[in-house]
Amino acid sequence: MNVPAPLACAPDPGPPAARPAGRERGQRQVFCGLTSIIWLHRKIQDAFFLVIGSRTCAHLIQSAAGVMIFAEPRFATAIIEDRDLAGLADAQQELDRVVTQLLERRPDIRLLFLVGSCPSEVIKLDLARAAARLSQHHFPRVRILSYSGSGIETTFTEGEDACLAALAACLPDAAAHERSLLVVGALADVVEDQLRRLFDELGIGPVNFLPSRDAGHLPAAGAGTMFLAAQPYTAEVSRVLRDRGARQLAAPFPLGAEGTTLWLQAAANAFGIDPLHFERVTAAARARATGALQAQRELLEGKRIFFFPDSHLEIPLARMLARELHMIPTEVGTPLLHRQHLAAELALLPPHTAVTEGQHVEQQLERCRASRPDITVCGLGLANPLEAAGLTTKWSIELVFTPIQGYEQAADLAALFSRPLDRRTRLRC
Ligand code: SF4
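## As for the sheet that holds strand E4 (residues 111-116)
In spatial order, the strands read E3-E2-E4-E5; together these four strands make up an open sheet with parallel pairing. The sheet is open, and its two borders are formed by strand E3 (75-79) and strand E5 (143-148), each paired with just one other strand. Going across the sheet, the axis of each strand differs from the next one's by a mean of 25°, ignoring polarity. Seen against the sheet, helix H5 (residues 127-138) touches strand E2 (47-53), E4 and E5 and runs at an angle of roughly 170° to E5. Running at roughly 140° to E5, helix H6 (residues 158-169) makes contact with E4 and E5 of the sheet.

## Describing the domain arrangement of the protein chain
Each assigned domain of the protein chain is listed here: domain 1 (22-28 + 290-428) and domain 2 (33-154). Its C-alpha centre places domain 1 at a distance of 33 Å from the equivalent point of domain 2.

## Some details on the environment of Val281
Counting through the fold element by element, Val281 comes out in helix H10 (residues 275-300). The spatial distance from the C-alpha of Val281 to the C-alpha of Leu427 is 44 Å, given a sequence separation of 146 residues. Residues within four places of Val281 in sequence aside, it is in contact with Leu198, Glu201 and Leu202.

## Things to note about the pairing of strand E13 (residues 375-378)
Each regular strand shows side chains that alternate between the opposite faces of the sheet. Side chains Ile375 and Val377 project from E13 onto one buried face, and the interleaved Thr376 and Cys378 project onto a second face that is buried too. For E13 and strand E14 (residues 393-395), the ladder comprises three bridges, and the chain directions are parallel. When the bridges of E14 are listed, Cys378 appears paired with Trp395. Running through helix H14 (residues 380-388), the crossover from E13 to the neighbouring parallel element E14 is right-handed.

## Quick look at H5
Helix length check: H5, at twelve residues, gives a terminal C-alpha distance of 16 Å against a target of 16 Å (1.5 Å per residue), a fit within 8%. When H5 is considered as a whole, its buried residues turn out to be Leu127, Ala131 and Leu134. Down the axis of H5, the sector holding all buried residues measures 75°, keeping them to one side. Away from its buried face by more than 90 degrees, H5 exposes Arg129 and Gln136.

## Quick word on the site of the ligand
Lining the immediate environment of the ligand, one finds Cys32, Leu34, Gly53, Ser54, Thr56, Cys57, Leu60, Ser117, Cys118, Gly149, Ser150 and Gly151. Broken down by class, the residue content of the shell around the ligand amounts to five nonpolar, seven polar and no charged.

## Quick notes on the sheet that holds strand E8 (residues 225-229)
Across the sheet, which stays open at both edges, the four strands sit in the order E7-E6-E8-E9 with parallel pairing between neighbours. The open sheet has two edge strands, strand E7 (207-210) and strand E9 (247-248), and neither has a second partner. Bridge count for strand E6 (residues 180-184) against E8 is five bridges, and the pairing is parallel. Note that in E8 the partner of Val183 across the bridge is Leu228.

Calculation rules
Residues numbered from 1 in each chain as written. Predicted model: local features only at pLDDT ≥ 70, side-chain atom pairs only at ≥ 80, totals over all residues. Pairing = 2+ DSSP bridges. Helix = DSSP H or I, 4+ residues; strand = E, 2+ residues; numbered from the N terminus. Axes fitted to C-alpha atoms, helices over the stretch in contact; angles between N-to-C directions. Contact = placed C-beta atoms within 7 Å. Domains from an automatic or database assignment. Buried ≥ 20, exposed ≤ 12 C-beta atoms within 10 Å, placed from the backbone. Right-handed = clockwise from strand over helix to strand, strands pointing away. Expected span 1.5 Å × (residues − 1). Arc of directions from axis to C-beta. Near = placed C-beta within 6 Å. Nonpolar A, V, L, I, M, F, W, Y, C, P; charged D, E, K, R; others polar.

Here it is, written out as structure tokens:
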């Protein structure tokens, strides 16, 4: 079968409400937004994440990140529980004390996030006010921001969105005539470097990344800022940037050779780059990616894949796997369907692919078992029972931790799906 040729430009996504999607409400099986601290603390190198939470929150963070701690960690949990509501004033004082103690002990911290969680004692605390008060007190040495990573409000990748939205709200103002490109969503450093090189060669700039590796570097944003989302779970930070006058460039996400081309092309079009120059700059990397995907296609073509709603990467992944590897997505679940934010993706998804928003885990499990997909993408909690039922699974969180964006990672992304299938085949032999 032929690979669809890269499109000359992103298709017109049409009205965002056009594509039908089922909606489900029920029990959810997904990590909370605190989980995103695991990759954010590695990305923003002089930031610190102080979770205001319970022992459960501390346990989650430590067990999720435990294997990655080699030196002093850049996250911690201030445990606030077993307090009655009359003790709120004490809770504020306790928070001030913990923050002051932390900043004395860790003079390297330039950016401190107070991260809210679920316990009612924490919900009652006004963390935004506390962050403003503490920021004023510790100005200019450290900037203190707050956001919620509570499981009531966020799934694990939405924790990143909330964190970046807090950052975006305090970016310095850029003058309207200052044209720049902002790439939104945490990317592995290696991917960021590759994309920056491509933008340089294309003649697009200045280019900034949010979050940047250096917490002290906050790019300016204003009416001259154009931004490209690099991750699908950036709807809230995108809204904050639009409110500040920045213009969002419509594009699919940079997954696969086609997705990366269309994503780069959205920036090239906005910056008036000559199409021939675009072709010259991207041709070699695109050919490498397409060639590397060819080998993976032989393993994956015709394989049926079922996505449980988990990371918000499901729709872009299904698009890439269907169009570039000829897999068949039987159902694509997403925790929340941001139609406008995903319009370019929805336009490229095969027309008969069922999209489901929200979760009723029991019903989804039934549908998954009944459809017997070749591979199922799901959270850690569902993987074991599905494997026990003879289904091959892929942990969705692994797709967030692994560098998968851009041309050079296209085949690695495909291999994340072919490897478990290969393992299952070998086990059966
Ligand atoms: S779900 Fe709530 S209580 Fe549990 S770890 Fe996450 S924030 Fe803490």
